[in-house]
Amino acid sequence: MDEKNKELYFLEELKYMSERFESGSQEGVKEALRFCQDTFGYVSLAHQKQIAEFLNVDDKIVKTLIKFTKSIKESKTEFEVICCTGPRCAKNGSIEVIKSVKNTLGIDFDETSKDGKIRLSTQNCFKQCSKGPNIMINGKFYHNMDKNKAENLMKEIME
Ligand code: FES
């Protein structure tokens, strides 16, 4: 199914759900979120708004339900890679590590890989300086990185 048809199919289904569920129903929102995730692979901001509108709930409720449903993603990105660019990590060799991360992924900071799977960004100090250079992937720390470790780690998530 192409994107345009998917959108139409999704809207039809939302309409149907709005008739099946009572106004403001969280069960309805959950079902709509699951349906959206299955159809598009994630629940974009635009789809969140449509769900809130059709099921007559506040946007915040949709957000909260997404937060508590692990299988629902808000973007196609599977891996959020954050490199520390703070001065103490730099002293411990983060410049080489960052170069290795960028070269292996083939993207720069604030860019997403072509397949949409990996997003690269920076943070200026994680307050974990003694264990640096540090990289964080999906909230998990990788300490004492060097260029080879960084390269291997990136290759792992690219697979
Ligand atoms: S400078 Fe990297 S964690 Fe502080």
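Remember, predicted model here, so these are calculated numbers, not experimental data.

A. Representation of the overall build of the protein chain. Counting secondary structure elements, the protein chain contains 7 helices and 5 strands. Helices (α) and strands (β) of the protein chain occur, in sequence order from the N terminus, as α-α-α-α-β-α-α-β-β-β-β-α. Taken over C-alpha atoms, the radius of gyration comes to 20 Å for the protein chain, far larger than the 15 Å a tight globule of 159 residues would show. Taken over the C-alpha atoms alone, the protein chain extends approximately 60 × 30 × 20 Å along its principal axes. Across the 159 residues of the protein chain, 22% fall into the buried class. Sequence-distant contacts, at least 24 apart, represent 63% of the contacts inside the protein chain between residues at least 6 apart.

B. Spotlight on the pairing of strand E1 (residues 79–84). Pairing of E1 with strand E3 (residues 118–123), which is carried by 6 bridges, proceeds in the parallel orientation. Bridge assignment links isoleucine 82 to a residue of E3, and that residue is serine 121. As paired elements, E1 and strand E4 (residues 135–137) share 3 bridges and run antiparallel to each other. By the bridge assignment for E4, valine 81 is matched with isoleucine 137.

C. Inspection of the nonpolar core at higher detail. With 14 residues, the main nonpolar core has Val81, Cys83, Val101 and Ala150 as its most contacted residues. Considering each element in turn, this core owes the most residues, 4 residues, to helix H6 (residues 94–105). Residues in contact with alanine 150, not counting those within four places in the same chain, are Val97, Ser100, Val101, Ile135 and Met145. If you look at the next biggest cluster of nonpolar residues, it comprises 10 residues, including Val29, Cys36, Ile51 and Leu55.

D. Region of the structure containing the environment of cysteine 83. Here cysteine 83 is to be found in strand E1. C-alpha separation for the pair cysteine 83 and lysine 155, spaced 72 residues apart in sequence, amounts to 16 Å. Beyond its immediate stretch of four places on either side in the chain, cysteine 83 contacts Ile98, Val101, Thr122 and Ile135.

E. Quick look at helix H3 (residues 45–55). Burial in H3 covers these residues: His47, Gln48, Ile51, Phe54 and Leu55. Each buried residue of H3 lies within a common arc of 135° when the element is viewed along its axis, so the set occupies one face. For H3, exposure combined with an orientation more than 90 degrees from the buried face picks out Leu45, Ala46 and Lys49. On its buried face, H3 is in contact with helix H1 (3–20), helix H2 (26–40) and helix H4 (59–67). At the C-terminal side of H3, asparagine 56 shows a positive phi close to 55°.

F. Geometry of the sheet that holds strand E5 (residues 140–142). Pairing is mixed in the open sheet, where 5 strands are placed in the order E2-E3-E1-E4-E5. Strand pairing shows two members of the sheet lacking a second neighbour, strand E2 (111–112) and E5, which therefore form its edges. With respect to the sheet, H6 is in contact with E1 and E3, its orientation differing from that of E1 by roughly 155°.

G. Representation of the environment of lysine 49 within the structure. On the secondary structure map, lysine 49 appears in helix H3. In sequence terms lysine 49 and valine 62 are 13 residues apart; their C-alpha atoms lie 8.4 Å from each other.

H. Spatial organisation of the packing of H1 against H2. Interhelical geometry of H1 versus H2 gives an angle of 165° and a closest axis separation of 11 Å. When the axis of H1 is compared with that of H2, the two are roughly antiparallel. As for the relative orientation of H1 and H2, their crossing is right-handed in sense. Counted together, Lys6, Tyr9, Phe10, Glu13, Leu14 and Met17 of H1 and Gly28, Glu31, Ala32, Phe35, Cys36, Thr39 and Phe40 of H2 form the full contact between these two elements.

Procedures and definitions
Residues numbered from 1 in each chain as written. Predicted model: local features only at pLDDT ≥ 70, side-chain atom pairs only at ≥ 80, totals over all residues. Helix = DSSP H or I, 4+ residues; strand = E, 2+ residues; numbered from the N terminus. Rg over C-alpha atoms; globule rule 2.2 N^0.38 Å. Buried ≥ 20, exposed ≤ 12 C-beta atoms within 10 Å, placed from the backbone. Contact = placed C-beta atoms within 7 Å. Pairing = 2+ DSSP bridges. Core = buried A, V, L, I, M, F, W, Y, C linked by C-beta atoms within 7 Å. Arc of directions from axis to C-beta. Axes fitted to C-alpha atoms, helices over the stretch in contact; angles between N-to-C directions. Parallel < 35°, antiparallel > 145°, perpendicular 65-115°, else oblique. Left-handed = near helix turned anticlockwise from the far one by under 90°.

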